[in-house]
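This is what each chain is made of:
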Amino acid sequence: MAEDLKQAALDYHANPKPGKIAIQVTKPTANQRDLALAYSPGVAEPVRAIMANPADAYRYTAKGNLVGVISDGTAVLGLGNAGPLASKPVMEGKGVLFKRFADIDVFDIEVDAKEPEAFIDTVARIAPTFGGINLEDIAAPHCFEIERKLSERLDIPVFHDDQHGTAIIIAVGLLNALELQGKALDEARIVTVGAGAAGIAGMRLLVDLGVPRENILLLDSKGVIHSGRQDLNAYKAEFAAATDRRTLEDAIAGADVFIGLSKPDLLSPEMLRSMADRPVVFALANPDPEIRPELAHSVRGDLIMATGRSDYPNQVNNVLGFPYIFRGALDVRATTINEAMKIACVEALRGIAQEPVPAEVLAAYGLESLEFGPEYMIPKPLDPRLLERVPPAVARAAIDSGVATLPYPAHYPAQS
Ligand SMILES: NC(=O)C1=CN([C@@H]2O[C@H](COP(=O)(O)OP(=O)(O)OC[C@H]3O[C@@H](n4cnc5c(N)ncnc54)[C@H](OP(=O)(O)O)[C@@H]3O)[C@@H](O)[C@H]2O)C=CC1
Ligand SMILES: CC(=O)C(=O)O
Ligand SMILES: [Mg+2]
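Cut-offs and rules
Residues numbered from 1 in each chain as written. Chains lettered and ligands numbered in written order. Predicted model: local features only at pLDDT ≥ 70, side-chain atom pairs only at ≥ 80, totals over all residues. Helix = DSSP H or I, 4+ residues; strand = E, 2+ residues; numbered from the N terminus. Rg over C-alpha atoms; globule rule 2.2 N^0.38 Å. Buried ≥ 20, exposed ≤ 12 C-beta atoms within 10 Å, placed from the backbone. Contact = placed C-beta atoms within 7 Å. Pairing = 2+ DSSP bridges. Right-handed = clockwise from strand over helix to strand, strands pointing away. UniProt positions renumbered as here; feature names shortened; annotations may be inferred. Domains from an automatic or database assignment. Nonpolar A, V, L, I, M, F, W, Y, C, P; charged D, E, K, R; others polar. Axes fitted to C-alpha atoms, helices over the stretch in contact; angles between N-to-C directions. Near = placed C-beta within 6 Å. Core = buried A, V, L, I, M, F, W, Y, C linked by C-beta atoms within 7 Å. Expected span 1.5 Å × (residues − 1). Arc of directions from axis to C-beta.

Asker: Help me understand the overall build of the chain, please; the structure alone is not making it clear to me.
Answerer: Each helix and strand in the chain was counted, giving 17 helices and ten strands. Over its C-alpha atoms the chain spans a radius of gyration of 22 Å, differing by no more than 12% from the 22 Å that the globule rule assigns to 416 residues. The principal-axis extents of the C-alpha atoms in the chain amount to approximately 75 × 55 × 45 Å. Scored against the burial criterion, the 416 residues of the chain give a buried share of 43%. Considering only contacts within the chain whose residues lie at least 6 apart along the sequence, 68% involve residues at least 24 apart.

Asker: What's the story with the sheet that holds strand S5 (residues 190-193) in this structure? I'm lost.
Answerer: Strands belonging to one sheet form pairs held by backbone hydrogen bonds; the direction of such a pair is parallel or antiparallel. Spatial strand order, S7-S6-S5-S8-S9-S10: six strands in an open sheet with mixed pairing. Single-partner strands in this sheet number two, and they are strand S7 (223-224) and strand S10 (304-307).

Asker: I tried to follow the environment of Gln315 on my own but got confused; where do I start?
Answerer: Within the element layout of this structure, Gln315 appears in the loop between S10 and helix H14 (322-331). With 20 C-beta atoms packed within 10 Å, Gln315 lands in the buried category. In the structure, Gln315 is positioned 51 residues away from Gly366 in sequence and 16 Å away in space, judged by C-alpha atoms. With residues up to four places along the chain from it excluded, the contact list for Gln315 reads Thr307, Gly308, Arg309, Ser310 and Pro381.

Asker: What's the story with the pairing of strand S6 (residues 216-220) in this structure? I'm lost.
Answerer: Along any regular strand, the residues point their side chains to alternate faces of the sheet. With four of five residues buried, S6 lies mostly within the body of the structure. In terms of strand pairing, S5 meets S6 through four bridges, oriented parallel. Residue Val193 lies in a different strand from S6, and its bridge partner there is Leu219. Note that the unit made of S5, helix H9 (residues 197-208) and S6 has a crossover that is right-handed. As judged from the two bridges shared by S6 and S7, these two strands associate in the antiparallel manner. Looking across to S7, one finds that Asp220 is bridged to Gly223. A loop of two residues connects S6 with S7, the two strands running antiparallel in sequence.

Asker: For this particular structure, what's the right way to read the UniProt feature "domain: Malic enzyme N-terminal" (unreviewed entry) in the chain?
Answerer: As annotated by UniProt and renumbered to match this structure, "domain: Malic enzyme N-terminal" (unreviewed entry) occupies residues 18-151. This span, residues 18-151, is 42% helix and 12% strand, and a straight line between its end C-alpha atoms measures 34 Å.

Asker: Before we go on, may I ask you to explain the domain arrangement of the chain in this structure?
Answerer: One frequent convention defines the size of an interface as the accessible area lost when the parts assemble. Each assigned domain of the chain is listed with its residue range as follows: domain 1 (20-163), domain 2 (164-307) and domain 3 (321-400). For the side of domain 2 that touches domain 3, the elements supplying multiple residues, two or more each, are helix H8 (161-181) and H9. Here the element with the most residues in the side of domain 2 that touches domain 3 is H8; it accounts for eleven residues. Residues belonging to the side of domain 2 that touches domain 3 are distributed by class as follows: nine nonpolar, four polar and one charged.

Asker: Sorry if this is basic, but what is going on with unusual backbone geometry here?
Answerer: The phi torsion of most residues other than glycine is negative, and most of the peptide bonds are trans. Going from Asn15 to Pro16, the amide bond is cis rather than trans, its omega being -5°. Its location among the elements puts Pro16 in the loop between helix H1 (3-14) and helix H2 (32-38). With an omega of -5°, the peptide bond running from Asn286 to Pro287 counts as cis. Along the chain, Pro287 falls in the loop between strand S9 (280-283) and helix H13 (293-299). The phi torsion at Asp103 lies on the positive side, around 55°, for a residue other than glycine. Here Asp103 is to be found in the loop between helix H5 (88-102) and strand S2 (105-110). With 13 C-beta atoms counted inside 10 Å, the residue Asp103 sits in the partly exposed group. At Arg278, a position not held by glycine, the phi torsion is positive, near 50°. For Arg278, the position within the fold is in the loop between helix H12 (269-273) and S9.

Asker: When you look at the sheet that holds S2 in this model, what are you seeing that I'm missing?
Answerer: Strand order in this open sheet of four strands is S2-S1-S3-S4, and the pairing throughout is parallel. Bordering the open sheet on either side are S2 and strand S4 (158-160), each of which pairs with just one other strand. Strand-to-strand, the axes of this sheet are offset by a mean angle of 20°, without reference to chain direction. Note that strand S3 (residues 132-135) and S4 share three bridges and pair parallel. In the strand pairing of S4, Ile133 is matched with Val158. Against the sheet, H5 contacts strand S1 (66-71), S2 and S3, and its axis sits at roughly 170° relative to S2.

Asker: Any chance you could explain the site of ligand 2 here in plain terms?
Answerer: Neighbouring ligand 2 are the residues Leu77, Asp137, Asp161, Asp162, Asn286, Gly308, Asn317 and Asn318. Across the shell around ligand 2, the residue classes break down as one nonpolar, four polar and three charged.

Asker: What is the right way to look at the nonpolar core in this model?
Answerer: Most often, soluble globular proteins have nonpolar side chains that are buried together. If you look at the biggest cluster of nonpolar residues, it comprises 113 residues, and the most contacted ones within it are Ala171, Phe258, Val281, Phe282, Ala329, Cys345 and Val394. Per-element accounting of this core gives the leading share, ten residues, to H8. Setting aside residues up to four positions removed in sequence, Ala329 forms contacts with Gly132, Pro157, Ala334, Ile337, Met341, Val394 and Ala398.

Asker: Looking at this model, I keep getting lost on helix H7 (residues 142-153). Mind explaining?
Answerer: One turn of an α-helix holds 3.6 residues; hence residues three or four places apart share an orientation. For H7, built from twelve residues, the straight-helix expectation of 16 Å at 1.5 Å per residue is met to within 8% by its first-to-last C-alpha distance of 17 Å. Cys143, Phe144, Ile146, Glu147 and Leu150 are the residues of H7 that are buried. Seen along its axis, H7 keeps its buried residues to an arc of 165°; they face one direction. Its buried side turned inward, H7 meets helix H6 (116-126), S3, S4, H8, H9 and helix H10 (234-237).

See below:
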C-alpha cells in the first residue's frame, strides 16, 4: 500500500473520534415521561412480556435487527493470528458495512479464547442478545467445528463469513469470468492456494455448483493436497487429489483458473505465463494479493483478474454477500442460512453484473461508462440494486426451504 494511503487510513480511523461506529438512541429521551418509559418503571413492561412470550424480544428490543460480528482474531484478513484486540478494526469495519449496505446494527465482539470450546461457550452465552451471528476471521480448522457446534446449539443464523460469504462471491465471479472467457465451469481446471476457511468452503460450493472434484487442485503451505499426504485434516482430505503434482509451479501449468486465498505474492509471473489461454486469476488475499494486478496485466493480456480490494476493478470480496444475506434472513426470521439461500444469493448477484449499470453507480466510482466485461464481471459494492435484489432472493429461498418463521416481507424490495 502506498505510504500516503497508509497514513490516510490511520487518520481515518483516529479522527474526529477513535473507531468507525457508534451507538444511536432510537426513542425520545427529552423529558421525565420519556425516561419513565425508557427505563424504570416503564421498561418492566417489555420484560414481563418477554418472560411470558420470548418471541416478544423481537417486538420490544433491538434483537431482530442486531448481528454479533464475533472473532477470536486467529485469521485476521491475510495477516494471520493477530489476536482479538488487533482484529477490532476489521470487526468494526464489518459493522460499518452491515449498517451502510443493509441497515443492520452490529455489536462487534472480540473474544480472547485459545480453544474452540471456550469460544463456543462464550458465543452461546451471549447469543440471546442477537438476531444472528456473523463469525469472522477465525482460522481453519477450528472455524469448522465452531460454526457447526454453534449452529447446533442456537436457533438463530450462525454464518462464518470467511467460509460462506467468500464462497458465494467466488462462485458469482467465477461463473461470470468463465462465461466471458468462453469456458465451461465443469471443464475448467482450477488451482486454489489456501486450504483454510475460505479455500475449503469455496471449493465445496463450486463442487455443489457442478465443478468435478477432480478438476480442482488445492494447495496449503506444504504444497499440493494429494492422496499420499499423511498430514491432512478431514477438511483438506475431502480434496486430496490423485496427482504427481507437488508444488504450485507444477499445479498451475495449463490451469484455467487460479484462486488465491492465502498470502501475498505467491503467484509468480512465470507461473502466470504457464496457465492456459484466457485464464481467470482471483488473487483474493487481503490486503496484499497473491499477485499484483499491474504485474499480472504486464505478463499477459488475455486474463480476467480480480482481487479482494476496493482500489482495483473486479472486487471479489464477501462485502457483496453478508449484508444482504443477513438482511434476507433476519427479515423472515430464518433459523439458519442454508445452501438454498446461498445459491439464491449467487444467482441474484450474478444477474446484476450482466445488466446495464445505473448512473449512480457510475457517479460513485467516477466512471463515464461500465459494462459487463473483463474489467467488470461482478457488481460494485456501492450498487443500490444489491439491496433491492439479494435480500428478496434469500428470503424467498428461506421460505421455500422451510427455515423461515415469518412470511415474505410486505415491504420488499427494500430500498437503500
Ligand atoms: N476476498 C475475500 O472476500 C476474502 C479473502 N480472504 C483471504 O483469504 C486468505 C485466507 O483466509 P482464511 O481462509 O480465513 O484463513 P485460514 O487461516 O483459515 O487459511 C489460510 C490458508 O492459507 C494457507 N497458506 C498460508 N501460507 C501459505 C503459503 N505460503 N502457500 C500456500 N498456502 C498458504 C494455509 O496453509 P496451512 O493450512 O498449511 O496452514 C491455510 O490453508 C486471507 O488472505 C484472507 O484475507 C478470506 C476471506 C474473504
Ligand atoms: C474479506 C475478508 O473477510 C477477509 O479478507 O478476511
Ligand atoms: Mg474475513
